[in-house]
2 protein chains.
Amino acid sequence: MAHRYKQFEPKWFHGKIPANSYRSIFKWGEPNQIKAPRESLYQLIRDQFGLTDEAFKDYSEDLGLDEVKLDLPVKLTAVQIARFAEIVGKDYVRTDDYARLSVAYGKTMYDIMRLRHKIAENVPDAVLYPDAKEQIEQIVAYCAAEKIPVYVYGGGSSVTRGVECVKGGISLDMRLRFNKVVNFNEIDQTITVEAGMSGPKLEETLNKAETNFGAKRAYTCGHFPQSFEYSSVGGWVVTHSAGQNSTYYGCIQDIVLGQDYATPVGSISTDRYPRKATGPDLDHIMMGSEGTFGILTHVTLKVFRHMPRTIKRFSYMFRDWETGQAAAREIMQSEAGYPSVFRLSDPEETGIMLHMYGVMDSPLKHIFSGKGFRVGKMCLYLGFTNGEAGFSRNCAKNVRRVARKYGGIWLSGIVTRSWEKGRFNDPYLRDTMQDFGIVMDTMECSVNWSNMSKVHREVRAYVKNRPNTVCMTHMSHVYPQGANLYWIFIAHMHDPEEFRRFHAGILNAIQKSGASMSHHHGIGKMFGPWLEGSIGRNEYAVYRALKQHFDPDNIMNPGGTLGFDTDEKKKRFLKDHS
Amino acid sequence: MAHRYKQFEPKWFHGKIPANSYRSIFKWGEPNQIKAPRESLYQLIRDQFGLTDEAFKDYSEDLGLDEVKLDLPVKLTAVQIARFAEIVGKDYVRTDDYARLSVAYGKTMYDIMRLRHKIAENVPDAVLYPDAKEQIEQIVAYCAAEKIPVYVYGGGSSVTRGVECVKGGISLDMRLRFNKVVNFNEIDQTITVEAGMSGPKLEETLNKAETNFGAKRAYTCGHFPQSFEYSSVGGWVVTHSAGQNSTYYGCIQDIVLGQDYATPVGSISTDRYPRKATGPDLDHIMMGSEGTFGILTHVTLKVFRHMPRTIKRFSYMFRDWETGQAAAREIMQSEAGYPSVFRLSDPEETGIMLHMYGVMDSPLKHIFSGKGFRVGKMCLYLGFTNGEAGFSRNCAKNVRRVARKYGGIWLSGIVTRSWEKGRFNDPYLRDTMQDFGIVMDTMECSVNWSNMSKVHREVRAYVKNRPNTVCMTHMSHVYPQGANLYWIFIAHMHDPEEFRRFHAGILNAIQKSGASMSHHHGIGKMFGPWLEGSIGRNEYAVYRALKQHFDPDNIMNPGGTLGFDTDEKKKRFLKDHS
């Protein structure tokens, strides 16, 4: 993906990445795919950070091309390893340094910075590659008996330190073999898969249901998080994921019909009925447990008709953030059907997107100025609809009606297409830019409409208080009662600890402003210390009771996930130092 | 509601009901409203049970007009009663027989039969009428300290023995004073109410939001269970209720945004964010707990725009049950928007509805016979749409398209209007008919599409195996993955124990056929003994762990609710004797 640079082109790294290197672990996505920003975006970033081209002539950061070498002895006994080999097969237990490190970290910038610095602090003793539910049940039972910590690695795109093996033990890498279709039921429109099934494989399987299952038509999973290409179905479920099309298809909890778990106290299988009134909803007790109650093995998902031809794309520019918000709320409250992708960018993000998509080089520029819309004030709204043709058309018509009412300028579907092209690719930019010390990460939170302006103002103020820091915000995953606010921040930074503190400060600002800690990234170990304070002591005690029930010896994803086994002293320390 | 009878009119009871009588407790609905079946329906029922007019010349059952008198001493101490009086005010603690019995039973036929037989076995020692959340918190804390059982009476329409005070103690009657609006937020489209708020009061409050709150428009709660007029918001939430318009508005769990509970281990307040990824969903842990974890105090609900003028009514006749099912599934899977009311009757129910609505006296009769549609085979489908005008129109258009595809005969909106007129009134018929020993009750279950025919066939076979028993079934609350099957059975029966066994037999048949125990009635004490067997031992152990956490001394709705404190012997006995 090479853009032509007219003036200066930074020394973007395009080299081959050694197979056993740190970079091969922290790099986003396809091993051979590299993406650099287009020239105008590069210039914007360079100027933002008060840098000159000079700073981009050579790398300021370690490229991470060295071979992975750990100085961490395997603490499992030979007997234990032999038992694991008996369960999954001896080729599917690995204790070499590379295998161990490759499942230890996720993809938050803190992980990547640590890997660039060769900080490998929390790796498992062994990596297992199961290929059947029964194997996982045996592994969990054995680990419960032997008190061996158990971690899971799905797609590897956690941004909450969710997969980190703080207590050693084993990690189950689900990607390799635990990724098969268990059952497809066209009458009920459901598919049951093993939890390691990847997003793209699931979607392809469903798109080709006619060939794969002799189905009458093609289906879609409807769930496309930004991390889609490197995410697993199991990861979606246990972290409460939301896809970019969630406003129409729902978030993962709306798509899950049933789940099976292997827990230290035995297997749990929730029913697959469309709805029931038989006590508290077990699916919701297990979803969001992030591996701390047990390991998700099989998942039954609802599937949807694949109707790409009914999509209606739209994009509008609103005069300012308040107007855009009002329009967004009206669209979601008018009961005309929800759009699928729904994204309203704040002024700063709008400015950068206009650069990225080259809009300011087009005649649209004159329309904006003619209407008195100013860069730095105006807000880009884009999205598309899904569903049956008439439904989709009516929904887009309603968007148009509301956009007009609020004085939005129609930008055609082109901007939306540009966004779609990059929707899963933007994370690639991170690695390329970070070679020069430019770090980019995200935070997100759930907000009610009536508090939206306050949250935006206060969290933004915190981020912008740091000199030369980009803070792009958009609203996505939208509801009649509110929306997700998503923050992308870009800074010039080297030290992982500086990053961690900055990140924690954003989390504090989010909570202080009255938003939820997370809309869809989950809690993991990174946000764990704040959870009890955020949801309340009596409320958190319910989680503790469930944890105590499922995992009395604390072997499931131990070391702070969801705030379990985090002592008060550590919580205080983390909060004081952020 | 007097119908003119041309031939014989039974001696329907139209007398005044004494204020302190058993009948005033078991009678459905408005004290002065009495409803008798129209003549054709009466004749159908009479013939069905092989009876003659003779049997309807005088009552075979006790009318229940005697004054309530119990021989059950109050077991609370004077100190305890004084403490309650201190909390809620001395006028709001009652220990008289009538107050005690009036909150002891719900509205399943087993309750009514027992009341007619003056069987008052499970009454509270005192009834409290709280009017603030803080009072309820104090009551629960005091009862936890004193180990006094705590029950709650909301709208009183439980059909699962949910409110029955098996262990004595106190019952909180929420109807009188705990029914106020706490907050209305038009920006977020939410309302927060006290849990005793009744359905009709909530709906009226929202319909008149312009006057009540100076709102910009009128709203609706979107939740209309059959028991609407005698149901409370708290009851909806803790029993997992579903309204007749749930296919569009969602069931109660889709409408609840947040809840507050008073539990023996302190107060719980869930957040009010539109969505979050902060661990297991506390709302879902508390919903469906049926008073066994704590008492629901405040509820925040989503509200919807009140747009009665956009409603599109429809009704169609399908050739047979299989064709109707196929059409229903196609409507729900085509992604054109869901209808709001959605009801497909099986052949037996269709036959009775045609009688009730007088359709067979209209020219439609000839259209049916012309097309070869036969009574006993054909199935009535009716419903209406809600939402913004274009959405509602598109949804109705899709229903029409699918109905045509499956050869449905269009019956105009008249049949739907007839159904709407009676939608909350039908329960009145029960009391009138039962004076002659005709009992009528319902069961319901959740079923996946691929198992629909089997469940219908097998459960129906069980009911029809009893001589002279009516078994009407319809599908309502419909999803892309399946639907609720709702059973109305009518029989000639006197003995409450015979009823209980028959009822339990239906439940067994439902479970054996592969359906859930309940779609929306809940479990209560009536279905409690089956719950563990139905959801599984490890799965049920999760409920036990939660119960142990919230209520270690078992004071919250004790005596078998959700199967808690039901011993194995009793479970076996109940199952063996059904």
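Residues numbered from 1 in each chain as written. Chains lettered and ligands numbered in written order. Predicted model: local features only at pLDDT ≥ 70, side-chain atom pairs only at ≥ 80, totals over all residues. Heavy atoms only, no water.

Visitor: Would you mind going over the overall build of chain A with me for this structure?
Guide: Across its full length, chain A holds 23 helices and 18 strands. For a compact globule of 578 residues, the expected C-alpha radius of gyration is about 25 Å, and chain A comes in at 24 Å, within 12% of that figure. The principal-axis extent of the C-alpha atoms belonging to chain A is close to 75 × 60 × 50 Å. Within chain A, the proportion of its 578 residues that are buried is 67%. Partitioning the intrachain contacts of chain A with sequence separation of at least 6 by distance along the chain shows that 77% fall at a separation of at least 24. (Helix = DSSP H or I, 4+ residues; strand = E, 2+ residues; numbered from the N terminus. Rg over C-alpha atoms; globule rule 2.2 N^0.38 Å. Buried < 20%, exposed > 50% of the residue type's maximum accessible area, 1.4 Å probe, protein only. Contact = heavy atoms within 4.5 Å.)

Visitor: How should I be thinking about the interface of chain B and chain A in this particular structure?
Guide: The interface of chain B with chain A comprises 86 residues on the first partner and 87 residues on the second. Across the interface of chain B and chain A, roughly 6,600 Å² is buried in total on both sides, 52% from carbon and sulfur atoms. In terms of surface lost to chain A, no three residues of chain B exceed B:R275, B:E335 and B:Q481, which account for 14% of the buried area on that side. Linking chain B with chain A are two salt bridges, by the criterion used here. The salt bridge partner of B:E330 is A:R305, with a shortest N-O separation of 3.1 Å. Counting across the interface, chain B meets chain A through 53 residue pairs in polar contact (both at pLDDT 80 or more). Tallied by class, the residues present in the side of chain B that touches chain A amount to 38 nonpolar, 35 polar and 13 charged. (Buried area = accessible area lost by both parts, 1.4 Å probe. Salt bridge = Lys/Arg side-chain N within 4 Å of Asp/Glu carboxyl O. Polar contact = N/O pair within 3.5 Å; in protein donor to acceptor, adjacent residues only side chain to side chain. Nonpolar A, V, L, I, M, F, W, Y, C, P; charged D, E, K, R; others polar.)

Visitor: So what exactly am I meant to see when it comes to the pattern of salt bridges here?
Guide: Two side chains with opposite charge may pair up if their charged atoms get near one another. This structure, assessed with the given rule, holds 76 salt bridges over all chains. Here A:E194 and A:K180 are joined by a salt bridge, their closest N and O atoms 3.0 Å apart. Within this pair, whereas A:E194 is found in strand β6 (residues 190–194), its partner A:K180 is found in the loop between β4 (170–173) and β5 (181–185), the two being separated by 14 residues in sequence. Residue B:R161 pairs with B:E164 through a salt bridge whose shortest N-O separation is 2.8 Å. With a relative accessible area of 1%, B:E164 lands in the buried category. Sharing partners across several salt bridges, the network here consists of A:D111, A:R114, A:E121, A:R161 and A:E164.

Visitor: What is the right way to read the nonpolar core from this model?
Guide: Nonpolar side chains in soluble globular proteins tend to end up buried together. The biggest cluster of nonpolar side chains holds 262 residues, and the ones touching the most others in it are A:I170 and B:I170. Not counting the four nearest positions on each side in its chain, A:I170 is found in contact with A:L76, A:F84, A:P124, A:A126, A:L128, A:I139, A:C143, A:I148, A:P149, A:V150 and A:Y151. (Core = buried A, V, L, I, M, F, W, Y, C linked by side-chain atoms within 4.5 Å.)

Visitor: Where do I start with the confidence of the model for chain A in this structure?
Guide: Caution applies to low-pLDDT parts of the model: their predicted coordinates are not meant to be read in detail. Across chain A, the average pLDDT comes to 94, with 98% of residues at 70 or higher. The complex model carries a pTM of 0.97, and its ipTM stands at 0.96. (pLDDT = per-residue confidence, 0-100.)

Visitor: I'm lost on the relation of the copies chain B and chain A in this one. Help?
Guide: Taken together, a rotation about one axis and a shift along it account for how the two chain copies relate. Overlaying chain B with chain A gives an RMSD of 0.0 Å, the required rotation being 180 degrees about an axis along which the chain moves by 0.0 Å. On this basis, the relationship between the two copies can be described by a two-fold rotation axis. Comparing interface residues between copies, 100% of those in chain B also sit at the interface in chain A, which points to an isologous, same-surface contact. (Least-squares fit on C-alpha atoms with pLDDT ≥ 70 in both.)

Visitor: Could you clarify how one ought to interpret a positive patch on the surface in this entry?
Guide: Among the surface-exposed residues, A:K312, A:R393, B:K397, B:R400 and B:R404 lie close enough to one another that they form a single positively charged patch. The element contributing the most residues to the positive patch is helix α16 (residues 389–405) of chain B, with three residues. With respect to the element layout, A:R393 can be found in helix α16 (residues 389–405). (Patch = residues over 30% accessible without salt bridge, like charges linked within 9 Å, V, L, I, M, F, W, Y side chains within 5 Å. Areas by Shrake-Rupley, 256 points an atom, 1.4 Å probe, with all protein chains shown as cover. Lys, Arg positive; Asp, Glu negative; His and termini not counted. Charge placed at Lys NZ, Arg CZ, Asp CG, Glu CD.)

Visitor: Looking at this structure, how should I read the pairing of β5(A)?
Guide: Regular strands place side chains that alternate from one sheet face to the opposite one. Residue and element names in this part refer to chain A. Here four bridges tie β5 to β6, and the two strands are oriented antiparallel to one another. Paired with N183 across the bridge in β6 is T192. Where β5 folds back onto β6 in an antiparallel hairpin, the turn is made up of four residues, including Q189, whose phi is positive at roughly 55 degrees. (Pairing = 2+ DSSP bridges.)

Visitor: Would you mind showing me how to read the sheet that holds strand β9 (residues 266–269) of chain A here?
Guide: Think of a sheet as strands paired side by side through backbone hydrogen bonds, with each pair either parallel or antiparallel. Residues and elements named next belong to chain A. With antiparallel pairing, the five strands of this open sheet are ordered in space as β5-β6-β10-β8-β9. Single-partner strands in this sheet number two, and they are β5 and β9. Direction aside, neighbouring strands of the sheet carry axes that sit 10 degrees apart on average. (Axes fitted to C-alpha atoms, helices over the stretch in contact; angles between N-to-C directions.)

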